[in-house]
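Coordinates in review
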Amino acid sequence: MKANPNIHTLNISSCNHLTDITCAGMLNVPHLNKLTHLDMSYCYNITSPMLAAVVSKCPLLKRFAVRYCHNLQDDLLDALSNHCPLLEIFDAPNCRHFSDLAICNMAAKCTHIAQIDFCGLDKMGDIAVIALSTYCIQLQLLIISSCPQLSDAAYKSLAKCKYLQRLCISNSLTLSK
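Attention in this report is confined to the structure presented alongside it. Each residue is numbered by its place in its chain's sequence as written, counting from 1. Local features in this predicted model are restricted to residues whose pLDDT is 70 or higher, and side-chain atom pairs enter the listing and the counts only when it is 80 or higher, whereas totals over whole chains, interfaces and linings include all residues. As a rule here, side-chain values come from all non-hydrogen atoms in the structure, and water together with hydrogens is ignored.

A short note on the sheet that holds strand E3 (residues 63-65)
Our working definition: In this scheme, strands are said to pair when DSSP sees at least two bridges between them. Where helices and strands are cited, they refer to DSSP runs of H or I of at least four residues and of E of at least two residues respectively, numbered from the N terminus. Axis definition: a line fitted to C-alpha atoms, limited for helices to the stretch in contact. Angles are taken between N-to-C directions and run from 0 to 180 degrees.
In spatial order, the strands read E1-E2-E3-E4-E5-E6-E7; together these seven strands make up an open sheet with parallel pairing. Looking at the sheet topology across the chains shown, the edges are occupied by strand E1 (9-11) and strand E7 (166-168). Neighbour to neighbour, the strand axes of the sheet diverge by 5 degrees on average, direction disregarded. With three bridges connecting them, E3 and strand E4 (residues 89-91) associate as parallel partners. Its bridge partner lying in E4, Ala65 is registered against Asp91.

In structure tokens, the structure reads:
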């Protein structure tokens, strides 16, 4: 099948049968660099290194979703940081293995982020939220529900986000009274 140069959105979410081997064919698609929207949510069998390789070929990527891809690691965030400076929306709830350092790096390099969902990232600390509020000045939506490591310092840092319209912090047990 020939690639269509007009395709800018690719949604292959919930394709549970996709593996790194089947996904590797995407790396040879000549117009992959024209993608602005990519949704690979619920693709449980694709590894973080493969997704990192895919996004490294998508410099125009603005929206990226990997909802409930539980095994993703920092190498994916590093690839987004280094190859997708136009990223505006990152949807990654229940991707539990991202470190604060990788989130900080992404925030510093992907400064156009307006919406981000890190719900269920139980290792996320204050420093990651502080980096998002510092570097992503266009932040409008932040979902950090069920992130038990966050303290008041993280929440207070969000006061400088003048465009923030929606903040989801449900199930945040550490929020003081």
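Some words on the side chain of Ser48
This is how it is decided: Only protein chains enter the accessibility calculation, which uses a 1.4 Å probe; a residue is then buried when its area is under 20% of its type maximum, exposed when over 50%, and partly exposed in between.
Here Ser48 lies in helix H2 (residues 48-55). For Ser48, a relative accessible area of 2% translates into the label buried.

Section: the side chain of Asn94
Cut-off, in case you're wondering: Contacts were defined at the residue level, with two residues in contact if any of their heavy atoms lie within 4.5 Å.
Counting through the fold element by element, Asn94 comes out in the loop between E4 and helix H4 (100-109). In this structure Asn94 comes out as buried when scored by relative accessible area, which is 10%. Residue contacts for Asn94: discarding those within four places in its chain leaves Tyr68, His70, Cys119 and Gly120.

Some words on the nonpolar core
The condition that has to hold: Residues enter a nonpolar core if they are buried and are Ala, Val, Leu, Ile, Met, Phe, Trp, Tyr or Cys, with the set joined through side-chain atoms within 4.5 Å.
Among the nonpolar cores identified, the biggest contains 56 residues, and Phe64, Leu80, Phe90, Phe98, Phe118 and Met124 are the most heavily contacted of them. Elements represented by at least two residues in this core include exactly H2, helix H3 (74-83), H4, helix H5 (126-135) and helix H6 (152-157). The contact partners of Phe98, leaving out residues within four places of it in the chain, are Leu72, Gln73, Asp74, Leu76, Leu77, Phe90, Ala92, Ile103, Phe118 and Leu121.

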